[in-house]
Amino acid sequence: QYYEKKRACYESVGDLMGVKSVEAKIGAIRAEYFGDGDNKEYEKLRNIQYQYELKRYREQYESSCQEVGKNARVEFGTLLAQTLMNLNRCIEGERLMEGLATFSRRVHGPEHSQTRKMESIVNTCKQRIVFAWFMGSKGDKFEALRYEDGGDKIVIRGPFTDFSKRNIVEETTFTVQNDCIVPIDGTPVICHG
């Protein structure tokens, strides 16, 4: 009901991009809750929504950089970075948020809620999580630390179940062949061709 009202508001002002974004959101919700259990339709609609949001927030961010005050730039930049992360474009989101977080720390201070929110987003962007299968490990989560031997091997630390609640002291560091791991969406990789 909320999104249908939001769609009506966008229609009343002639914002076609907003209308399409909300329709994709409504479709994604319907596919998730009323679908036949197949997440492909949900993922497709969610991706459409994120693409519309990416275009919208990029335009708003670029406009705010030229016209509006720095607080609006921070707000639109945060929305843009979160959308980039949703599209698994974490490096772009991380670079944008690092600059905005530095600005927010300087202007608002390190304890301000906006600064903390941005630092949380930066930390999420920096997560390099992989699933690993080796020596008895059956698809456990590990943090990817670095590549070695020209990208043939990867150094990982773990295992853990929740990145935010991990105890690094209890984790072990391993060096494994890169074909023993599968990175989660958004984790940067080195491609050899």
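Everything discussed here concerns the structure shown above.
Residues numbered from 1 in each chain as written. Predicted model: local features only at pLDDT ≥ 70, side-chain atom pairs only at ≥ 80, totals over all residues. Heavy atoms only, no water.

## Looking at unusual backbone geometry
Thinking step 1. The residue after Gly-158, namely Pro-159, is reached through a cis peptide bond having omega 0°.
Thinking step 2. Residue position: Pro-159 is located in strand 3 (residues 153-160).
Thinking step 3. Look at Asn-88: it is not a glycine, yet its phi comes out positive at around 60°.
Thinking step 4. A positive phi angle is found at Asp-149, which is not glycine, with a value near 50°.
Thinking step 5. Following the sequence through the fold, Asp-149 ends up in the loop between strand 2 (140-148) and strand 3. (Helix = DSSP H or I, 4+ residues; strand = E, 2+ residues; numbered from the N terminus.)

## Some words on the state of the cysteines
Thinking step 1. According to the stated counting rule, one finds 0 disulfides in the structure shown.
Thinking step 2. Its sulfur unpaired, Cys-90 is 5.4 Å from the next cysteine sulfur, which belongs to Cys-125.
Thinking step 3. A relative accessible area of 0% places Cys-125 in the buried class. (Disulfide = S-S within 2.5 Å. Buried < 20%, exposed > 50% of the residue type's maximum accessible area, 1.4 Å probe, protein only.)

## Details of the side chain of Thr-78
Thinking step 1. For Thr-78, the position within the fold is in helix 4 (residues 70-86).
Thinking step 2. Judged by its relative accessible area of 2%, Thr-78 is buried.
Thinking step 3. With residues near it in sequence (within four places) discarded, Thr-78 still touches Met-97, Leu-100, Gln-114, Lys-117, Met-118 and Ile-121. (Contact = heavy atoms within 4.5 Å.)

## A look at the pairing of strand 3
Thinking step 1. One ladder, built from 6 bridges, connects strand 2 with strand 3; its direction is antiparallel. By the bridge assignment, Glu-143 is partnered in strand 3 with Arg-157.
Thinking step 2. Hairpin connection of strand 2 to strand 3: 4 residues between the antiparallel strands, including Asp-149 at a positive phi of 50°.
Thinking step 3. In this sheet, strand 4 (residues 172-177) lies alongside strand 3 in antiparallel orientation, the contact comprising 6 bridges. Across the sheet, residue Val-155 finds its bridge partner in strand 4, namely Thr-175. (Pairing = 2+ DSSP bridges.)

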